[in-house]
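# Commentary on secondary and tertiary structure
If you want the building blocks of each chain, they are given just below.
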Amino acid sequence: MIIENAHVVTVSGEEYPDGHIVIEGDRITAVGPGKAPVQDGERIDGAGCLATPGLVNAHHHLYQWASQGMAVDSTLFDWLTTLYKPWSTMDAEVVAGAATAGLGWLAKSGCTTSADHHYLFPKGRGDLFAAGIEAAREVGVRFHPCRGSMDRGESQGGLPPDEVVEDLDTVLAETEAAIDRYHDPSPGSMLRVGVGPCSPFSVTRELMVESARLARGKGVRLHTHLAETLDEEEHTTEQFGMTPAEYMDSIGWLGPDVWLAHCVHLRDTDVKRLAETGTGTAHCPSSNARLGAGIARVADLLKEGAPVGLGVDGPASAEFVPLAGELRQAIYLQRARYGPTALTARQALEMATLGGARCLGRDADLGTLEPGKLADVALWRVDGFRAAVDDPVVAFAFGPVPPLARLLVGGRTVVDADTLVTVPQDEAARRGADAHRRLLQLAEGVL
């Protein structure tokens, strides 16, 4: 496959205003200016297009597609206590439909790799973890699901109701089983499993510690929420006598195999500590704004050299947010807080690609357009009205999300002419709507 005549942004440093990308199998074999060095193969004319690495979504909750539009004016804690009730009734059918729609929507916004943090497993509702994995296989994106957990209900001082938490032994056994069954550590992997206790206010110290031990013993990554709201900081300080970041540090939860969602409320010492330990942050600007949580210190984290990626978070806290649109949100919010030089278009693009790959531990194979890297490529239309902006990266990052001419995952077409083609686009949308209606039906007795 040969892409020619595109403005190619490698993210690793070079840009080619009239460049080419050559793909053989699932890998990139050549990137450079002008015509491709080979002529045989499927040819894609990239004239009027910007070629970027496929975007990496570093934090998500796919099941929440089924509960969009609820608790729209709530803070995080109020939003959670409202939605725990319907979520406690979801089944594998709900998750399958929600994940298909959610991943299809992500693909349409240039996402080739997505994390998923699923931390709620109602008993007797089918295999929820497998349902998300099957949806990712159908849609055709790389998938990094984290087997999440909560074991600290209201009776133990936690936020979730007791009926939606699991016990320690069950969590560890189910998490280990998920890793053994699904995790593929190969360089070209389409599926890797992480360990993801939900948050310091819904998980016991013992589960956090044992989860880290399990993950490191299995060689997989660790993920959780951290420092999203001031409510969380007050809760953690009251319960543990430490800020959220200090608590994570005290239990061995900072390191290059860890990435944390949000990190909105960090002190200067926290920022430095995350950078020193190589701990990643998944920045979710739209969700943080929607819930009134605040603006994360992304500019400070980047300045210190900490890995930072972008995430859209759950659809129920960021309705229909496209991953590509989070570049604009990140730029605008950082500039609103720090001034107009706080975050550039190219820094935002790097966060959305290489930054996310670093968070997921996949920067050796993903996140840049270079020979030897996996052929995950997004081709964006920046002609037409957008041609009034000379710099196509600025047109892409500062404006509304442009049409997606082609999305390749390992050289396979997932989106063509702005339309999802692996799962019929209308069918993916219908499955998501059906999941929403089914969740509401299941939840009739608890709402």
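Residues numbered from 1 in each chain as written. Predicted model: local features only at pLDDT ≥ 70, side-chain atom pairs only at ≥ 80, totals over all residues. Heavy atoms only, no water.

Before going further, it helps to examine the packing of aromatic side chains. Under the criterion given, the structure shown has twelve aromatic pairs. Seen in terms of ring centroids, F77 and F201 are 4.9 Å apart; in terms of plane orientation they differ by 55°. Their pairing is tilted. With a gap of 124 residues between them, F77 in helix 1 (residues 76-87) and F201 in the loop between strand 9 (194-197) and helix 5 (205-218) connect regions that are remote in the sequence. Residue classification places F77 among the buried positions, given a relative accessible area of 13%. The ring of F121 carries the charged tip of R147 above its face, separated from the ring centre by 3.8 Å. (Phe/Tyr/Trp six-rings, centres within 6.5 Å; stacked < 30°, edge-to-face > 60°. Helix = DSSP H or I, 4+ residues; strand = E, 2+ residues; numbered from the N terminus. Buried < 20%, exposed > 50% of the residue type's maximum accessible area, 1.4 Å probe, protein only. Lys NZ or Arg CZ within 6 Å of the ring centre and 35° of its normal.)

Our focus in this paragraph is empty space enclosed by the protein. This structure, assessed with the given rule, holds four cavities of 30 Å³ or more. If you add up the space inside the largest cavity, you get close to 120 Å³. Lining the largest cavity are 16 residues, and of these L76, W79, L80, H225 and E228 sit closest to its centre. The greatest single-element share of the lining of the largest cavity, amounting to four residues, is contributed by helix 1. Classifying every residue of the lining of the largest cavity by side-chain character gives eight nonpolar, six polar and two charged. In this structure, the second largest cavity encloses a volume near 60 Å³. In terms of lining residues, the second largest cavity is bounded by L62, Y63, V95, A99, D116, H118, L128, F129, G132, F143 and P145. Taken together, the elements giving at least two residues each to the lining of the second largest cavity come down to helix 2 (92-108), strand 7 (111-118), helix 3 (128-139) and strand 8 (142-149). At three residues, the largest contribution of residues to the lining of the second largest cavity is made by helix 3. Split by residue class, the lining of the second largest cavity holds eight nonpolar, two polar and one charged. (1 Å grid on protein atoms, 1.4 Å probe; cavity = no way out; pocket = protein on both sides within 12 Å on 5 of 7 lines; lining within 4 Å. Points joined across faces, edges and corners; volume = space filled by probe spheres on them. Nonpolar A, V, L, I, M, F, W, Y, C, P; charged D, E, K, R; others polar.)

A regular strand places its side chains on the two faces of the sheet in alternate fashion. In terms of residue burial, strand 14 (residues 377-381) counts as a mostly covered element, since four of its five residues are buried. By the bridge criterion, five bridges tie strand 5 (residues 49-53) to strand 14 in an arrangement that is antiparallel. Across the sheet, A51 pairs through a bridge with L379, a residue of strand 14. In this structure, strand 14 lies alongside strand 15 (residues 404-409), joined through four bridges in antiparallel fashion. In the sheet register, A378 faces strand 15, and the bridge partner there is L407. (Pairing = 2+ DSSP bridges.)

Packed helix pairs are characterised by how far apart their axes lie and by the angle those axes make with each other. Axis separation between helix 2 and helix 14 (residues 425-442) bottoms out at 7 Å; the angle between their running directions is 140°. Put simply, helix 2 runs oblique to helix 14. Helix 14 is crossed by helix 2, and the crossing has left-handed handedness. When helix 2 is examined against helix 14, the residues E93, V94, G97, A98, T100, A101 and K108 are found in contact with a partner set consisting of Q425, A428, R431, G432, A435, R438, L439 and L442. Considering only residue class, the contact of helix 2 with helix 14 consists of seven nonpolar, four polar and four charged. (Axes fitted to C-alpha atoms, helices over the stretch in contact; angles between N-to-C directions. Parallel < 35°, antiparallel > 145°, perpendicular 65-115°, else oblique. Left-handed = near helix turned anticlockwise from the far one by under 90°. Contact = heavy atoms within 4.5 Å.)

The next thing to look at is helix 14. An ideal rise of 1.5 Å per residue puts 26 Å on 18 residues; helix 14 measures up with 26 Å between its terminal C-alpha atoms. Three or more residues of helix 14 are buried, namely A428, R431, G432, A435 and L439. End-on, the buried residues of helix 14 take up no more than an arc of 95°, which puts them together on one face. In this structure, helix 14 carries D426 and Q441 as exposed residues pointing more than 90 degrees from its buried face. Turning to helix 14, the residues buried within the fold contact helix 1, helix 2, helix 3 and strand 17 (419-420). (Expected span 1.5 Å × (residues − 1). Arc of directions from axis to C-beta.)

Ranked by internal contacts, the top residues of the largest apolar core, which has 119 residues, are W79, L80, W87 and L103. Per element, the largest residue contribution to this core is nine residues, and it comes from helix 2. In this structure W79 touches Q64, M70, A71, S74, W87, R290, L291, A316 and S317, once residues within four positions along its chain are discounted. If you look at the next biggest cluster of nonpolar residues, it comprises 18 residues, including I28, A51, L369 and V377. (Core = buried A, V, L, I, M, F, W, Y, C linked by side-chain atoms within 4.5 Å.)

Before going further, it helps to spend a moment on helix 1. Owing to its 3.6 residues per turn, the α-helix aligns residues three or four sequence positions apart on the same side. When the terminal C-alpha atoms of helix 1 are compared, their 15 Å separation across twelve residues agrees well with the 16 Å that a helix rising 1.5 Å per residue should span. If you check which residues of helix 1 are buried, you get L76, F77, W79, L80, L83, Y84, P86 and W87. Those residues of helix 1 that are buried are in contact with helix 6 (230-240), helix 9 (285-290) and helix 14.

Our next topic: the pairing of strand 15. Buried residues dominate strand 15, accounting for six of its six residues. Note: strand 15 against strand 16 (residues 412-416), four bridges, orientation antiparallel. Following the sheet pairing, L407 is matched in strand 16 by V415. With antiparallel pairing between neighbouring strands as the criterion, strand 15 and strand 16 make up a hairpin whose turn holds two residues, including G410 at a positive phi of roughly 60°.

Approximately 350 Å³ is the volume found for the largest pocket. F121, D127, F129, R147 and E174 are the residues nearest the centre of the largest pocket, which is lined by 17 residues in total. Elements with a contribution of two residues or more to the lining of the largest pocket: helix 3 and helix 4 (168-182). In terms of residue count, helix 4 provides more of the lining of the largest pocket than any other element does, six residues in total. Taken together, the residues of the lining of the largest pocket break down into seven nonpolar, three polar and seven charged.

So, on to the pattern of salt bridges. Following the criterion strictly, the structure yields 29 salt bridges and no others. The closest approach of N and O atoms between R406 and E42, which form a salt bridge, is 3.4 Å. Taken together, the residues span a long stretch of sequence, with R406 in strand 15 and E42 in the loop between strand 3 (27-33) and strand 4 (43-45) at a distance of 364 residues. Residue classification places R406 among the buried residues on the basis of a relative accessible area of 13%. (Salt bridge = Lys/Arg side-chain N within 4 Å of Asp/Glu carboxyl O.)

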